[in-house]
There are 2 protein chains.
Amino acid sequence: MEVSVKGEYALRAVFDLACHQQEQPIKIAKIAERQQIPQKFLELILSQLKQGGFLSSRRGAEGGYFLARPAESITIGDILRHIDGPIAPARRLQQDDLPEDSPFPELWEKVERALSSVLDRMSFADLVVRWKENRAKRVVNWQI
Amino acid sequence: MEVSVKGEYALRAVFDLACHQQEQPIKIAKIAERQQIPQKFLELILSQLKQGGFLSSRRGAEGGYFLARPAESITIGDILRHIDGPIAPARRLQQDDLPEDSPFPELWEKVERALSSVLDRMSFADLVVRWKENRAKRVVNWQI
DNA sequence: TCGATTCTCTACTAATCTACTAGAGATTGG
DNA sequence: CCAATCTCTAGTAGATTAGTAGAGAATCGA
């Protein structure tokens, strides 16, 4: 049931871009440094996210990546599906040679709905809000 | 996010045993045939499930496997965790080098709760009930 | 007791996937 | 033009997956 490291990197990268939405394009090197991701690996991931229409980029000096759409319209599920493939816990192919009355397809559908209810409802705008809340909380604790 | 083939086989095997709870021990060969699982692979899986305390067995002629506990007390989550490892989508180790105010740990906890709410609430007794319902429905449709 | 049956245990393996790295090429800003 | 930066194609070491092979140990029925 694990999300791949690549998937986690992708989420962290998009989150990083969502946090700097208003600014200039962000360089790969900057994201790699801030998010602790191997730069060459991150290049592949960002390129793949661009193919998927989530990011745009500019080359050359002062180039970099930025969100192609507002953070509110990109969900965790969108990114994970594009990088790691279907969220579904069971592969469709194998379902076919189960007996017609098997209870398992129902089970997997339930699981998928449960996952979707979290992953497809949570946008990167939500994540940024949470992040700001966490920072605020920490500052308050620190002041006490 | 995929369950391994081994995990699926384990679930199907336990389900098979749950369907034949009252009877004699069931032979590996019988389960392998009914559930379409490579027999030698299934041997390893059943042995592992026995180590986990879910199944008991008897060797020799008329031997086989049977549930060590009532089907109501064994959940999908129990079996998956024992065969595939933790249900959690993100590994704990990597969480440590995230910044303290990262919104991701919260996200993964939400996902884990969502998964648990399905996997840990569904027992094999429930599965058997669903299976019988499905069979009944099919018969009704067939009669019409 | 014998022998057929069935589970048990250890070891091996081919193929695939994961998490990268290397390096050359294409664009762009100044 | 040139330095910075993204882009694209390849390769790859190590781990994991989904098995297979084969000998050994326990049990039942006759």
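Structural data are supplied above this passage.
Reading guide: rules and limits
- The residue count restarts for each chain, going from 1 along the sequence in the order it is written.
- Ligands are numbered from 1 and chains lettered from A, in the order in which they are written.
- Side-chain atom pairs in this predicted model are given and counted only at pLDDT of 80 or more, local residue features only at pLDDT of at least 70, and totals for whole chains, interfaces and linings cover all residues.
- Computation of side-chain values: all heavy atoms of the structure, hydrogens and water removed.
- By the convention used here, residues are in contact when the closest approach between their heavy atoms is within 4.5 Å.
- Reported buried area values correspond to the accessible surface (1.4 Å probe) lost by two parts on association, with both partners' losses combined.
- Here, a salt bridge means any Lys or Arg side-chain nitrogen found within 4 Å of an Asp or Glu carboxyl oxygen.
- Polar contact is the term for a pair of N or O atoms within 3.5 Å; when the atoms are in protein, one must be able to donate a hydrogen and the other to accept it, and sequence-neighboring residues count only if both atoms are side-chain atoms.
- Secondary structure counts use DSSP, requiring at least four H or I residues in a row for a helix and at least two E residues in a row for a strand, with both numbered from the N terminus.
- Gly counts as polar in this scheme, as do all residues outside two lists: the nonpolar Ala, Val, Leu, Ile, Met, Phe, Trp, Tyr, Cys and Pro, and the charged Asp, Glu, Lys and Arg.
- Nearness of a residue to a molecule or strand requires only that one of the residue's heavy atoms be within 4 Å of it.
- Relative accessible area decides the class of each residue, using a 1.4 Å probe on protein chains only: under 20% of the type maximum gives buried, over 50% gives exposed, and in between gives partly exposed.
- When DSSP finds two or more bridges between a pair of strands, those strands are recorded as paired.
- Copies are brought into register by a least-squares superposition over C-alpha atoms of residues with pLDDT of at least 70 in both.
- The span you would expect from a helix comes to 1.5 Å times its residue count less one.
- Stacked, tilted and edge-to-face are the three classes applied to pairs of Phe, Tyr and Trp rings, where Trp contributes its six-membered ring and a pair requires centres within 6.5 Å; stacked means planes under 30 degrees apart, edge-to-face means over 60, and tilted covers the rest.

A. Molecular detail of the interface of chain B and chain A. Taken together, the contacts link 38 residues of chain B with 38 residues of chain A. Of all residues in chain B, B:Met1, B:Arg91 and B:Asp101 give up the largest surface area on contact with chain A, accounting jointly for 18% of the area buried on that side. Linking chain B to chain A there are two salt bridges. In this structure, A:Arg130 and B:Glu106 form a salt bridge, with 3.5 Å as the shortest nitrogen-oxygen distance. Put simply, chain B and chain A have seven residue pairs in polar contact (both at pLDDT 80 or more) between them. Counting only elements with at least two residues in the side of chain B that touches chain A, the list comes to helix H1 (5-19), helix H6 (104-119) and helix H7 (124-143) of chain B. For the side of chain B that touches chain A, the leading source of residues is H6(B), giving 10 residues. Counted by class, the side of chain B that touches chain A contains 23 nonpolar, four polar and 11 charged residues.

B. Looking closely at the protein's contact with DNA strand C. Taken together, 26 residues surround DNA strand C, and among them A:Lys40, B:Lys27, B:Lys50, B:Ser57 and B:Tyr65 come closest. Among the atoms of DNA strand C close to the protein, meaning within 4 Å, 67% are from sugar or phosphate groups. Note that a phosphate oxygen of DNA strand C is positioned 2.6 Å from one of the side-chain N or O atoms of B:Lys50. Contact between DNA strand C and B:Ser57: a phosphate oxygen at 2.7 Å from a side-chain N or O atom of the residue.

C. Spatial organisation of the side chain of A:Ser123. Residue and element names in this part refer to chain A. Here Ser 123 lies in the loop between helix H6 (104-119) and helix H7 (124-143). The buried category is assigned to Ser 123, whose relative accessible area is 5%. A distance of 3.2 Å separates the side chain of Ser 123 from the backbone nitrogen of Ala 125, its partner in a polar contact.

D. Geometry of the pairing of strand E2 (residues 64-67) of chain A. Relative to E2(A), strand E1 (residues 55-58) of chain A runs antiparallel, the two sharing four bridges. Note on E2(A): the bridge partner recorded for A:Leu55 is A:Leu67.

E. Structural detail: the relation of the copies chain B and chain A. Of the transformation superimposing chain B on chain A, the axial component is 0.0 Å and the angular component is 180°, with the fit at an RMSD of 0.1 Å. The operation mapping one copy onto its partner corresponds to a two-fold rotation axis. Within chain B, B:Met1 has its C-alpha nearest the rotation axis, a separation of 2.0 Å. Mapped onto chain A, 100% of the interface residues of chain B are again interface residues, and the two copies thus contact each other with one and the same surface.

F. Seen up close, the protein's contact with DNA strand D. In the vicinity of DNA strand D there are 27 residues, among which A:Lys27, A:Lys50, A:Ser57, A:Tyr65 and B:Lys40 approach most closely. At 3.3 Å from a phosphate oxygen of DNA strand D is found a side-chain nitrogen or oxygen belonging to A:Lys27. A distance of 3.2 Å separates a sugar or linking oxygen of DNA strand D from a polar atom in the backbone of A:Gly60. Ranked by the residues each element gives to the surface near DNA strand D, the list is headed by helix H3 (residues 39-51) of chain A, at five residues. Counted by class, the surface near DNA strand D contains 11 nonpolar, six polar and 10 charged residues.

G. Quick peek at helix H1 (residues 5-19) of chain A. Spanning 15 residues, H1(A) covers 21 Å between terminal C-alpha atoms, matching the ideal 21 Å at 1.5 Å per step. Of all the 15 residues making up H1(A), 13 are buried; the element is thus mostly covered by neighbouring parts of the structure.

H. Layout of the packing of aromatic side chains. On inspection of all chains with the given rule, the structure shows six aromatic pairs over all chains. When the centroid spacing of 5.8 Å and the interplanar angle of 80° are considered together, the rings of A:Tyr9 and A:Phe41 count as edge-to-face. Within this pair, whereas A:Tyr9 is found in helix H1, its partner A:Phe41 is found in helix H3, the two being separated by 32 residues in sequence. Geometrically, the ring pair formed by A:Phe15 and A:Trp131 is edge-to-face, given 5.9 Å between the ring centres and 90° between the ring planes. Pair noted here: A:Phe15 is in helix H1 and A:Trp131 is in helix H7, with a separation of 116 residues, a long-range link. Members of the aromatic cluster, joined through ring pairs, are A:Phe15, A:Trp131 and B:Phe104.

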